[in-house]
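Given next are the chains, with one letter for each unit.
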Amino acid sequence: MDWPIAEVARMSGVTARTLRHYDEVGLLPPARIGANGHRYYAEHQLLRLQQILVLRALGVGLPEVGRILAEQVDEVEALRGHHLRLLAERDRLDALAGTVSRTIAELEQSRKDGNPVTINRPENLFEGIQPSQYQESLRDFPGHAEEVARRVAVMTPQDIEAGQRERTTQMILLADLMAAGHPADAAPVQAQIDAQYQAMTELRPVSAEEYRAVGRSCVDNSVWRSAYEAIAPGLAAYQRDAIEVYATTRLS
């Protein structure tokens with residue numbers, strides 16, 4: 001039995017355009033091409049597509065996905081390996097969600113008391129956050145990644161912690177605005193996006209198109225999306241939309 005590309009797209013949630021791209025790059029050729037020119041996929045291709053999507057969900061780039069699939073010998077063993085990685089990612093996200101939840105509670109308490117926030121155990125802010133993953137997540141912005149790496153190399157652990165704490169706080173503030181019903185183009189939201197943009201440009205100049213690409217990565221990059229969604233469902237798309245407004249009205 002085989003399935004036409006439209007049916008595979010419906011079942012998997014992957015667009016037909018993406019499936020055609022996977023074929024073009026040699027990652028997922030169809031089982032056959034019908035007389036009508038349409039692609040058809042058999043069970044073997046569906047299993048391979050599952051592996052591709054699992055690896056992509058773990059933040060693996062397409063070239064690396066191709067290498068992994070080319071090197072695997074046994075599908076069951078490969079799936080066991082993917083399963084273990086998914087379980088590890090689940091545990092990491094659970095820890096990250098707990099980290100963010102504690103930070104929200106401490107920030108809310110500080111606002112209620114009218115006192116500056118005090119984190120008794122700063123290391124708890126970063127449980128579930130793996131700096132190496134964020135370095136990998138910058139792969140689409142090599143110029144920025146290079147400058148970040150150069151700065152981090154000369155920073156103290158305290159400086160790095162302060163930067164991470166500031167980024168977490170920015171995300172929580174944006175989530176508060178989203179929860180309050182402010183649209184992406186509202187002045188308070190754009191003020192937060194401007195603060196983020198100014199922080200980026202302290203490292204290097206960032207064009208309007210590059211900033212738009214950063215916004216799209218909040219949704220398209222699995223590592224970034226997981227971090228935003230751990231704070232509030234929909235926050236990744238909200239950040240993307242707010243950046244799009246900012247880039248159009250302030251940078252274009």
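Above this text sits the structure in question.
Described below are features of the structure shown in this document. Residue positions within a chain follow its written sequence, with the count starting from 1. Side-chain atom pairs in this predicted model are given and counted only at pLDDT of 80 or more, local residue features only at pLDDT of at least 70, and totals for whole chains, interfaces and linings cover all residues. The side-chain figures draw on all heavy atoms in the structure; neither hydrogens nor water molecules are used.

## Some words on the pattern of salt bridges
For side chains bearing opposite charge, pairing can occur when the charged atoms are close. Going by this rule: By salt bridge we mean one thing: a side-chain nitrogen of Lys or Arg within 4 Å of a carboxyl oxygen of Asp or Glu. Relative accessible area decides the class of each residue, using a 1.4 Å probe on protein chains only: under 20% of the type maximum gives buried, over 50% gives exposed, and in between gives partly exposed.
Counted by the stated rule, this structure contains ten salt bridges. With a closest N to O distance of 3.3 Å, Arg 216 and Glu 209 form a salt bridge. By relative accessible area, which is 36% here, Arg 216 ends up partly exposed. For Glu 209, a relative accessible area of 44% corresponds to the partly exposed category. When salt bridges that share partners are traced, they join Glu 209, Arg 212, Arg 216 and Glu 244 into one network.

## Brief notes about helix H11 (residues 222–231)
Basically, it comes down to this: Helix numbering and strand numbering both begin at the N terminus, where a helix is a DSSP run of H or I of at least 4 residues and a strand a DSSP run of E of at least 2.
Judged by how many residues are buried, H11 sits mostly within the fold: seven of ten residues are covered. Along H11, the residues classified as buried are Ser 222, Val 223, Trp 224, Ser 226, Ala 227, Tyr 228 and Ile 231.

## Focus: the packing of aromatic side chains
Two aromatic rings, taken as a pair, are described by how far apart their centres are and by the angle between their planes. Which entries qualify depends on this criterion: Pairing of aromatic rings covers Phe, Tyr and the six-membered ring of Trp, with a centre-to-centre limit of 6.5 Å; geometry is then stacked below 30 degrees between planes, edge-to-face above 60, and tilted otherwise. Remark: a charge is flagged as sitting over a ring if the NZ atom of Lys or the CZ atom of Arg is within 6 Å of the ring centre and within 35 degrees of the ring normal.
Applying the stated criterion to the full structure yields three aromatic pairs. Each ring, one from Tyr 197 and one from Tyr 246, has its centre 5.5 Å from the other, and the planes form 50 degrees; the classification is tilted. One end of the pair, Tyr 197, is in helix H9 (residues 187–201); the other, Tyr 246, is in helix H12 (residues 235–251), with 49 residues separating them in the sequence. Take Tyr 197 and Tyr 246: they sit in the same class, and that class is buried. Measuring from ring centre to ring centre gives 5.9 Å for Tyr 211 and Tyr 246, while their planes differ by 80 degrees; the resulting arrangement is edge-to-face. One end of the pair, Tyr 211, is in helix H10 (residues 208–220); the other, Tyr 246, is in helix H12, and 35 residues separate them in sequence. Using a relative accessible area of 1% as the deciding quantity, one classes Tyr 211 as buried. Grouped by ring-pair contacts, the aromatic residues Tyr 197, Tyr 211 and Tyr 246 constitute a single cluster. Cation over ring: Arg 32 sits above Tyr 40, and NZ or CZ is 4.2 Å from the ring centre.

## Some points on the side chain of Gln 190
So the rule is basically this: Polar contacts, as used here, are pairs of N or O atoms within 3.5 Å; protein pairs need one atom able to donate a hydrogen and one able to accept it. Residues neighboring in sequence count only if both atoms are side-chain atoms. Any pair of residues with heavy atoms lying within 4.5 Å of one another is described as a contacting pair.
Within the secondary structure layout, Gln 190 lies in helix H9. For Gln 190, a relative accessible area of 9% corresponds to the buried category. Only 3.3 Å separates the side chain of Gln 190 from the backbone nitrogen of Tyr 246, close enough to count as a polar contact. Filtering out sequence-adjacent residues up to four positions away, Gln 190 remains in contact with Ala 184, Asp 185, Ala 242, Val 245, Tyr 246 and Thr 249.

## Some thoughts on the sheet that holds strand E3 (residues 39–42)
Spelled out, the test is: One bridge is not enough; two strands pair if DSSP finds at least two bridges between them. Note on definitions: angles span 0 to 180 degrees between N-to-C directions of axes, and those axes are lines fitted to C-alpha atoms, for helices only across the stretch in contact.
Taken together, the three strands give an open sheet; going across it, the order is E1-E3-E2, and neighbouring strands pair in antiparallel fashion. One side of each edge strand has no neighbouring strand; the edge strands of this open sheet are strand E1 (2–4) and strand E2 (32–33). Of the pairings in the sheet, the one linking E2 to E3 comprises two bridges and is antiparallel in character. Its bridge partner being in E3, Ile 33 is matched across the sheet by Arg 39. Strands in contact with helix H1 (residues 5–12) are E1 and E3; relative to E1, the strand with the most contacts, it is inclined by about 90 degrees.

## Quick notes on the nonpolar core
Going by this rule: Residues grouped as a nonpolar core are buried Ala, Val, Leu, Ile, Met, Phe, Trp, Tyr and Cys residues, joined through side-chain atoms within 4.5 Å.
Residues Leu 174, Val 189, Ile 193, Tyr 211, Ile 231 and Leu 235 are the most contacted members of the largest nonpolar core, which totals 28 residues. If you list the elements that add at least two residues to this core, you get helix H8 (157–179), H9, H10, H11 and H12. Element by element, the count of residues in this core is highest for H12, at six residues. Listed in part, the 19 residues of the second largest apolar core include Ile 5, Ala 9, Leu 49 and Val 65.

## Some remarks on the packing of H10 against H12
Here is the rule: For classification purposes, an angle smaller than 35 degrees is called roughly parallel, one larger than 145 roughly antiparallel, one from 65 to 115 roughly perpendicular, and anything else oblique. Gly is put with the polar residues, along with every residue not named as nonpolar or charged; the nonpolar set is Ala, Val, Leu, Ile, Met, Phe, Trp, Tyr, Cys and Pro, and the charged set is Asp, Glu, Lys and Arg.
Look at H10 against H12: their axes get within 7 Å of each other, and the N-to-C directions meet at 170 degrees. Taken together, the axes of H10 and H12 are roughly antiparallel relative to one another. Here Ala 208, Tyr 211, Arg 212, Gly 215, Arg 216, Cys 218 and Val 219 of H10 come into contact with H12, specifically with Ala 236, Ala 237, Gln 239, Arg 240, Ile 243, Glu 244, Tyr 246, Ala 247, Thr 248 and Leu 251. For the contact of H10 with H12, the per-class residue count stands at ten nonpolar, three polar and four charged.

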